[in-house]
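The residues making up each chain are set out below.
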Amino acid sequence: MSKDFFPQRTDVKPTIYAYEEPDNLSCRGCLKIGYTTRSAEERIKEQFPIARPGGIPYKIVFEEPAMYA
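Residues numbered from 1 in each chain as written. Predicted model: local features only at pLDDT ≥ 70, side-chain atom pairs only at ≥ 80, totals over all residues. Heavy atoms only, no water.

Draft legend 1. Up close: the pattern of salt bridges. Taken as a whole and assessed by the stated rule, the structure comprises 3 salt bridges. Close ionic contact of E46 with R38 constitutes a salt bridge, the shortest N to O distance being 2.7 Å. A relative accessible area of 44% means that E46 is categorised as partly exposed. Taking relative accessible area as the criterion, R38 reaches 34% and is therefore assigned partly exposed. Here R43 and E46 are joined by a salt bridge, their closest N and O atoms 2.8 Å apart. (Salt bridge = Lys/Arg side-chain N within 4 Å of Asp/Glu carboxyl O. Buried < 20%, exposed > 50% of the residue type's maximum accessible area, 1.4 Å probe, protein only.)

Okay, structure coming up:
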């Protein structure tokens, strides 16, 4: 049997995530959905580059691997 028949997986760990912004009145009740090859926390922090008083302005509600086991 050929080695190329079942190629090895890459080291990349794709992730699907969803988060909400509970303090943003215009987005209340909405989920923002994304895909990344890093952690959801790292990716979402890029979208909020300015520190705001009162803690983090988002809440991660879903984070799962995007690949089957």
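After that view, the rundown keeps rolling.
Draft legend 2. Main features of the nonpolar core. Y17, Y19, A40, I44, F48 and Y58 form the largest nonpolar core, which has 6 residues in total. Looking at this core, the elements with two or more residues in it are β1 (15-20) and α1 (40-47). What Y58 contacts, discounting residues up to four positions off in sequence, is Y19, E20, E21, P22, E41, I44, K45 and F48. (Core = buried A, V, L, I, M, F, W, Y, C linked by side-chain atoms within 4.5 Å. Helix = DSSP H or I, 4+ residues; strand = E, 2+ residues; numbered from the N terminus. Contact = heavy atoms within 4.5 Å.)

Draft legend 3. Fine view of the pairing of β1. Examined bridge by bridge, β1 and strand β2 (residues 32-36) share 5 bridges and lie antiparallel to one another. Each bridged residue has a counterpart across the sheet, and for A18 the counterpart in β2 is I33. Two elements, β1 and strand β3 (residues 59-65), share 6 bridges in a ladder whose sense is antiparallel. By the bridge assignment, E20 is partnered in β3 with K59. (Pairing = 2+ DSSP bridges.)

Draft legend 4. Expanded view of the sheet that holds β2. Read across the open sheet, the 3 strands follow the order β2-β1-β3; overall the sheet is antiparallel. Across the chains shown, the open sheet's two edge strands, defined by having one partner strand only, are β2 and β3. Between one strand axis and the next, the sheet turns by 20° as a mean value, whatever way the strands run. Taken strand by strand, α1 contacts β1, β2 and β3, and its axis lies near 50° from that of β1. (Axes fitted to C-alpha atoms, helices over the stretch in contact; angles between N-to-C directions.)

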